[in-house]
Amino acid sequence: MTSPLAAPVRLTQYARGGGCACKIPPGELETVLAGLAGPVSAAGDGEPLLLGGDDGDDAAVLRVGDGRAVVSTVDFFTPVVDDAYDWGRIAACNALSDVYAVGGEPVMAVNLLAWPRDALPWEVAREVLRGGRDMAALAGCPIAGGHSIDDAEPKYGLAVTGIADPDRLLRLDAGRPGVPLSLTKPLGLGVLNARHKATGEVFADAVDTMTTLNAEAGRLALERDIGCATDVTGFGLLGHLYKLARASGVTAVVDSSAVPYLDGARAAVRDGFVPGGSRRNLAWVSPHTDFGRIAEEERLLLADAQTSGGLLVAGELPGAPVVGELVGRGRHTLIVR
Ligand SMILES: Nc1ncnc2c1ncn2[C@@H]1O[C@H](COP(=O)(O)OP(=O)(O)OP(=O)(O)O)[C@@H](O)[C@H]1O
Ligand SMILES: [Mg+2]
């Protein structure tokens with residue numbers, strides 16, 4: 001479904017970066033944030049903040065009593081596709097994803113909108129907000145208000161509140177040796193979005209992937225008593241897996257031949273459509289990774305900055321390929337075979 005505007009503007013042309021590829025590089029972010037986070041509970045020590053510390057988990061989770069926890073997360077970014085309605089859906093889906101990534105269920109959200117009011121018509125902003133509303137409605141999560149500013153580049157996203165069972169969370173530090181790794185969406189979103197921004201070609205499968213909620217994946221993980229997961233977004237599969245393995249004190253092994261890709265992803269890399277964020281991700285993980293004889297093109301694909309990607313789960317999920325496993329901590333935090 002696309003926007004019904006007479007002469008659609010190419011939204012991606014109004015921003016330098018796009019989607020999760022416009023995130024602050026992981027190394028720089030961690031340096032800025034170091035030491036500023038509050039104490040987080042080690043299991044059972046009475047501290048109410050269960051997630052939200054230095055590991056960089058997907059959302060903050062606070063125990064509120066009576067066996068309940070509140071989940072809080074926020075995500076917004078510049079246009080990742082030209083179509084306003086689709087961008088709204090993608091941004092909302094991506095923001096909701098962090099609630100599912102910690103094992104929560106979204107219950108309410110508010111909009112964050114930055115709009116270049118001199119350069120872009122308000123009817124385009126309405127389409128963005130309509131897309132966000134429709135995606136949140138699919139998640140059973142009403143959007144109840146928000147905040148809007150005049151800005152040089154358009155930006156959109158949500159702050160989402162969720163609920164969770166404090167004893168059944170999905171966290172970065174709960175990975176254990178011997179456990180397989182599953183990935184619920186194919187990679188290639190960053191390079192395909194870069195191609196779309198440069199050429200205007202539309203990749204329908206990529207839009208479908210970015211607008212698929214991670215609700216089912218999160219539910220399946222909890223049903224199987226899995227306790228360790230994250231979503232694959234701007235830091236790419238390797239960046240997010242590095243964070244998970246580091247927090248869990250293990251080494252993660254990736255079977256590169258088992259990793260699924262969207263059609264056209266490889267061609268996009270070969271044709272030079274690689275977001276700067278994907279290169280920065282690769283530079284960030286490379287000192288901690290044994291790549292063996294893996295070629296540069298494959299490394300870039302594995303580090304590609306995703307937008308609204310799937311869940312990376314330490315465990316097996318029906319329908320999701322196993323892309324590697326966790327092993328005891330070795331010399332490298334990541335091994336790619
Ligand atoms: N300005 C900030 N202040 C405090 N913590 C921050 C700030 N920006 C990011 N973080 C934290 O850094 C970690 C990494 O953030 P990041 O946005 O990359 O991951 P995320 O929340 O999982 O988002 P997404 O999955 O959409 O990429 C998270 O734990 C986040 O809460
Ligand atoms: Mg996340």
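Everything quoted here is computed from the prediction, not taken from an experiment.

Novice: Let's hear about the overall build of the protein: which residues, and what values?
Specialist: The helix and strand inventory of the protein stands at 10 helices and 13 strands. The globule rule puts the C-alpha radius of gyration for 337 residues at 20 Å, and the 19 Å found for the protein is close to it. Once the C-alpha set of the protein is aligned to its principal axes, its extents read approximately 55 × 50 × 40 Å. Out of the 337 residues belonging to the protein, those deemed buried represent 53%. Taking the contacts inside the protein whose residues are at least 6 apart along the sequence as the reference set, 84% of them involve residues at least 24 apart. Carbon and sulfur atoms provide 53% of the accessible area of the protein, an area that totals close to 14,000 Å².

Novice: Got a sec to walk through the pairing of strand 2 (residues 60-65)? Specific residues and values, please.
Specialist: Residues in a regular strand project their side chains so that they alternate between the two faces of the sheet. The pairing of strand 1 (residues 49-51) with strand 2 spans two bridges and is classified as antiparallel. Across the sheet, residue Leu 49 finds its bridge partner in strand 2, namely Leu 62. Strand direction decides the pairing type here: strand 2 and strand 3 (residues 68-77), joined by five bridges, are antiparallel. Following the sheet pairing, Ala 60 is matched in strand 3 by Ser 72. The antiparallel hairpin formed by strand 2 and strand 3 contains two residues in its connecting segment, where Asp 66 sits at a positive phi of about 55 degrees.

Novice: Kindly report on the site of ligand 1, identifying the contributing residues and their values.
Specialist: Taken together, the neighbourhood of ligand 1 is formed by 13 residues, with Lys 23, Asp 57, Asp 75, Asp 98 and Thr 233 sitting nearest. Separating an oxygen atom of ligand 1 from a side-chain N or O atom of Asp 58 is a distance of 2.9 Å. Contact between ligand 1 and Asp 98: an oxygen atom at 2.8 Å from a side-chain N or O atom of the residue. Surface burial for ligand 1 is 64%, taken as the share of its 610 Å² of free accessible area covered by protein chains.

Novice: Tell me about a nonpolar patch on the surface, residues and numbers included.
Specialist: Residues Ile 24, Leu 29, Val 32 and Leu 33 make up a contiguous nonpolar surface patch of roughly 350 Å² in combined accessible area. Within the secondary structure layout, Leu 33 lies in helix 1 (residues 26-33). The exposure class assigned to Leu 33 is partly exposed, which follows from its relative accessible area of 44%.

Novice: So what's going on with the environment of Gly 227? Which residues, and what values?
Specialist: For Gly 227, the location among the structural elements is in the loop between helix 6 (215-223) and strand 8 (229-231). You can call Gly 227 partly exposed: its relative accessible area is 26%. Separated by 31 residues in sequence, Gly 227 and His 196 have C-alpha atoms that sit 36 Å apart. Ignoring anything within four residues of it in the chain, the contact list for Gly 227 reads Leu 169, Leu 170, Arg 171 and Ala 174.

The rules behind these values
Residues numbered from 1 in each chain as written. Chains lettered and ligands numbered in written order. Predicted model: local features only at pLDDT ≥ 70, side-chain atom pairs only at ≥ 80, totals over all residues. Heavy atoms only, no water. Helix = DSSP H or I, 4+ residues; strand = E, 2+ residues; numbered from the N terminus. Rg over C-alpha atoms; globule rule 2.2 N^0.38 Å. Buried < 20%, exposed > 50% of the residue type's maximum accessible area, 1.4 Å probe, protein only. Contact = heavy atoms within 4.5 Å. Areas by Shrake-Rupley, 256 points an atom, 1.4 Å probe, with all protein chains shown as cover. Pairing = 2+ DSSP bridges. Near = heavy atom within 4 Å. Polar contact = N/O pair within 3.5 Å; in protein donor to acceptor, adjacent residues only side chain to side chain. Patch = residues over 30% accessible without salt bridge, like charges linked within 9 Å, V, L, I, M, F, W, Y side chains within 5 Å. Salt bridge = Lys/Arg side-chain N within 4 Å of Asp/Glu carboxyl O.

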